[in-house]
Number of protein chains: 2
Amino acid sequence: MDIQTSFLDRLFESGLLIDTGVDGLYGRSAQFEDVIAAFERLIDRFGGADGAEVIRFPSGMNRAFFETSGYMKSFPQLAGTVHSFCGNELDHMSLLKCMEVGEDWTKDQEATDIVLTPAACYPLYPTVAKRGPLPESGALFDLQSYCFRHESSKDPARQQLFRMREYVCMGTAKHVTDFRQSWMSRGVEMMTAVGLEITIDVANDPFFGRAGKMLANNQRDQKLKFELLIPITSSAKPTACMSFNYHQDAFGAKWGLNLEDGSVAHTACVGFGLERIALALLHHHGLNTVAWPESVRKALWG
Amino acid sequence: MDIQTSFLDRLFESGLLIDTGVDGLYGRSAQFEDVIAAFERLIDRFGGADGAEVIRFPSGMNRAFFETSGYMKSFPQLAGTVHSFCGNELDHMSLLKCMEVGEDWTKDQEATDIVLTPAACYPLYPTVAKRGPLPESGALFDLQSYCFRHESSKDPARQQLFRMREYVCMGTAKHVTDFRQSWMSRGVEMMTAVGLEITIDVANDPFFGRAGKMLANNQRDQKLKFELLIPITSSAKPTACMSFNYHQDAFGAKWGLNLEDGSVAHTACVGFGLERIALALLHHHGLNTVAWPESVRKALWG
């Protein structure tokens, strides 16, 4: 049994996560949710004074915006489209017959207007673009939602439905790279406060296919993505618990995000993998949160 | 312009809800989320002493359990299955070509193991069944999740992705019907505390097709479903903001939920439509929560 399975088993046994029969899809206990809520309050304490606009999108987004985003070019294997039955009563009867004999009943489901949100900030850009030019002082948003990634794994830190908290900054290149830099410092400070040892490293997204390798190399060369890594299920391959992304003016150009002086906005986002952070805490300090070190409890629950 | 559109427009203008370009799929402002959080704390105050086990499932569930549930028999039009791209690099190239020329790129998406949760309690029954017999004193669960229903509407009270808070009770027929009865009283008390005028009425689920009419009539005749109704977008057709459902032993038999004495468990659930309740409050007391009557603010924010 590998170390990932055994941590997952311990999480199931303790009741912190609840097996649903699908790898990467779990229920959460009150104690698990309490850790996430406490960590989100810690995020609020670090980011609250910045005056970000809070928006909460559901776990699905407009398919048209998703198509424009280019996600299917880069990560087709991870996306989840939502499909529904759109037939009449006769179609319904054959669907039920299909189910009865154990055949594939899903092949006639039709795509709806909704796609599962792949990262909390995806629905934001087209929303902000509709508002008109951004002030030259920039704009800042605070987001959180369940996100979907179609990747089955027994690593509890790689879930198919998980929560991402994000701050998104729009403005000049200097403004958004300063924002990213300040969150890298804050990230180190926050994780130190909760007793986690971390490293920060240049990273790349899991672009699809051979052509994706070039995109990944380019992203690394230009240092567009950093990750804050914490050992969870492997000390050799620590898990990305935060990411710090500079999109240059790519999203600004794609979505028509302009500053008042007419220039294209640069954007950056900082994301917290909330389940991963909770799991890092549970792995490092033990499965019983009451027995966590006093300093950690104080940082989280005051 | 009908009254529903105009309430939706006012919600968009005030920023409480955020247009995503898809009817029934909206972003939420901090103020909107604050109303939901406050109402959930009110629910906690009424239900907290009952000692329910808190479980939080994500917005998706195991497709195999969904199939067993029989949801596709009764409500095929509302369900949302999650599909993904499972091809190789060549398939990816033809997918991208498809998108480029504006053809339907979704037809080759394949169903994953995950279906969007249609009601917060659906993932619970198979989870509890795996634990073995229930104590004769019964069991009580506290759930909340985003749920999906594929129904496009300009009525803000009919959203495609919305949150449902639920209590689910399992035990003898008397135990679970007493539970349901007590929440009907609590529901009236809670809504009175927040200044909303309500009625409670026998109801039925939106079963699909002509055969569904019989199921609906049967459900009404046996008083298996009650709804707590509040006028939101129409006073002639008030909106169901809570529902009180007695499943008899149907779910117990389907999922193998037994009491320790070997009898099949009866089940009942009480659901809060959190967005609908927030909208009822906003409609009745105005879009600025700071200006709500003092008694209502006190009940919600203490």
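Preceding this section is the structure that the text describes.
Summary of the structure given here. (Residues numbered from 1 in each chain as written. Chains lettered and ligands numbered in written order. Predicted model: local features only at pLDDT ≥ 70, side-chain atom pairs only at ≥ 80, totals over all residues. Heavy atoms only, no water.)

## Thoughts on the relation of the copies chain B and chain A
Of the two same-sequence chains, chain B is brought onto chain A (RMSD 0.0 Å, axial shift 0.0 Å) by a rotation of 180°. Interpreted geometrically, this transformation is the action of a two-fold axis. No C-alpha of chain B lies nearer the rotation axis than that of V82 of chain B, which sits 2.4 Å from it. A high fraction, 100%, of the interface residues of chain B reappear at the interface in chain A, so the copies pair face to face through one surface. (Least-squares fit on C-alpha atoms with pLDDT ≥ 70 in both. Contact = heavy atoms within 4.5 Å.)

## Thoughts on the interface of chain B and chain A
Opposite the 63 residues of chain B that make contact, chain A presents 63 residues. Summed over both sides, the interface between chain B and chain A buries roughly 5000 Å², with carbon and sulfur atoms accounting for 67% of that surface. Between the two partners, chain B and chain A, sit four salt bridges. D19 of chain B serves as the salt-bridge partner of K130 of chain A, at 3.5 Å between the closest nitrogen and oxygen. Applying the counting criterion to the chain B and chain A interface returns 22 residue pairs in polar contact (both at pLDDT 80 or more). Among the residues making up the side of chain B that touches chain A, the classes are represented as 30 nonpolar, 22 polar and 11 charged. Sheet topology places strand β3 (residues 53–56) of chain A next to strand β2 (residues 25–29) of chain B; two bridges connect them, and they run antiparallel. Bridge pairing in β2 of chain B places R56 of chain A opposite R28 of chain B. (Buried area = accessible area lost by both parts, 1.4 Å probe. Salt bridge = Lys/Arg side-chain N within 4 Å of Asp/Glu carboxyl O. Polar contact = N/O pair within 3.5 Å; in protein donor to acceptor, adjacent residues only side chain to side chain. Nonpolar A, V, L, I, M, F, W, Y, C, P; charged D, E, K, R; others polar. Pairing = 2+ DSSP bridges. Helix = DSSP H or I, 4+ residues; strand = E, 2+ residues; numbered from the N terminus.)

## Remarks on the pattern of salt bridges
This structure, assessed with the given rule, holds 32 salt bridges over all chains. The residue E89 of chain B makes a salt bridge to R210 of chain A at a minimum N-O spacing of 3.3 Å. Here the residue E89 of chain B occupies a position in helix α5 (residues 89–100), and R210 of chain A occupies one in helix α8 (residues 209–221), the pair thus bridging two chains. E89 of chain B gets classed as partly exposed once you look at its relative accessible area, which sits at 29%. (Buried < 20%, exposed > 50% of the residue type's maximum accessible area, 1.4 Å probe, protein only.)

## What about the packing of aromatic side chains?
The tally for this structure, following the rule as stated, stands at 24 aromatic pairs over all chains. Between the aromatic rings of F66 of chain B and Y71 of chain B, the centroid separation amounts to 5.5 Å while the plane-to-plane angle is 45°, which identifies the pairing as tilted. Each member of the pair F66 of chain B and Y71 of chain B is classed as buried. A centroid spacing of 5.8 Å and a plane angle of 85° characterise the contact between W183 of chain B and F272 of chain B, whose relative ring orientation is edge-to-face. Residue W183 of chain B is located in helix α7 (residues 173–193), and its partner F272 of chain B is located in strand β12 (residues 266–273); the two are separated by 89 residues in the primary sequence. When its relative accessible area of 0% is taken as the criterion, W183 of chain B is described as buried. The ring of W183 of chain A carries R186 of chain A above its face, with NZ or CZ at 4.6 Å from the centroid. (Phe/Tyr/Trp six-rings, centres within 6.5 Å; stacked < 30°, edge-to-face > 60°. Lys NZ or Arg CZ within 6 Å of the ring centre and 35° of its normal.)

## Quick notes on the pairing of strand β8 (residues 161–171) of chain B
For a regular strand, the rule is simple: side chains alternate between the two faces of the sheet. Residues and elements named next belong to chain B. A large share of β8 lies buried, amounting to 11 of its 11 residues. Burial along β8 is two-sided: the residues L161, R163, R165, Y167, C169 and G171 and F162, M164, E166, V168 and M170 are all buried. Relative to β8, strand β7 (residues 139–148) is paired through 10 bridges, and the arrangement is antiparallel. By the bridge assignment, S145 is partnered in β8 with M164. Looking at chain direction, β8 and β12 are connected through eight bridges and run antiparallel. By the bridge assignment, C169 is partnered in β12 with A268.

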